[in-house]
Amino acid sequence: TTNCFVLENLNTEAYERLELTMYPNPTNGVFTMRFKDKSTKTVSIYNNLNEIVFQKKESKQEIALNLENQPSGIYLIKTTNDKGGFTFTKLVVQE
């Protein structure tokens, strides 16, 4: 069995506002997320055990993050805006 995400009633307008670029990926743990706009969003980062290892509410257009204290692996980043739109992004952290 594989894990799946079910997206229901996705608000297209809200989703478009979550357009982002993330670099570098893969990373050594230090990376940047750059958003299309400065709307308020919550960034949640999950490890492969589905545990939240980082969570922050932010309204900047560019966010510098540091996961150097986390082990190498694949992390899932969920970004949610205040209108209910969200996106998932995969991040690879390697030594």
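Structure report, in brief. (Residues numbered from 1 in each chain as written. Predicted model: local features only at pLDDT ≥ 70, side-chain atom pairs only at ≥ 80, totals over all residues. Heavy atoms only, no water.)

Quick notes on the pairing of strand β3 (residues 41-46)
Working note: regular strand, side chains alternate between the two faces of the sheet. Under the convention used in this document: Three exposure classes are used, based on accessible area relative to the maximum for each residue type with a 1.4 Å probe and protein chains only: buried under 20%, partly exposed in between, and exposed over 50%. Helix and strand definitions follow DSSP, with helices as H or I runs of at least four residues and strands as E runs of at least two, each counted in order from the N terminus. Should DSSP find at least two bridges between two strands, the strands are regarded as paired.
Counting buried positions along β3 yields 5 of 6 residues, so the element is predominantly enclosed. In this structure, β3 lies alongside strand β4 (residues 52-58), joined through 6 bridges in antiparallel fashion. Looking across to β4, one finds that tyrosine 46 is bridged to isoleucine 52. Counting the residues that bridge the hairpin from β3 to β4 gives 5 residues, and of these asparagine 50 lies at a positive phi of roughly 65°.

Concerning the sheet that holds strand β1 (residues 20-23)
Heads up, the condition is: Every angle, taken between N-to-C directions, lies between 0 and 180 degrees, and every axis is a line fitted to C-alpha atoms, over only the stretch in contact when it is a helix.
Taken in spatial order, the 3 strands of this open sheet run β1-β2-β5, and their pairing is antiparallel. Looking at strand neighbours, the two that pair on one side only are β1 and β5 (62-66), the edges of this open sheet. The mean inter-strand angle of the sheet, taken between neighbouring strand axes irrespective of direction, is 20°. As defined by bridge partners, strand β2 (residues 30-35) adjoins β5 across 5 bridges and the pair is classed as antiparallel. The residue bridging valine 30 from the neighbouring strand is asparagine 66, located in β5.

Some points on the nonpolar core
Generally speaking, a soluble globular protein has its nonpolar side chains buried in company with each other. Defined as follows: Throughout this description, the term nonpolar core refers to a set of buried Ala, Val, Leu, Ile, Met, Phe, Trp, Tyr and Cys residues connected via side-chain atoms within 4.5 Å. Residue contacts are defined here by distance: any two heavy atoms, one from each residue, within 4.5 Å place the two residues in contact.
Phe31, Met33, Val43, Ile45, Ile77 and Leu91 are the most contacted members of the largest nonpolar core, which has 13 residues in total. Of all the secondary-structure elements, those providing two or more residues to this core are β2, β3, β5, β6 (73-81) and β7 (86-93). Per-element tally for this core: the top contributor is β2, with 3 residues. Discounting residues that sit within four places of it in the chain, valine 43 has contacts with Met33, Phe35, Phe54, Gln55, Lys56, Ile63, Leu65, Ile77, Lys78 and Thr79.

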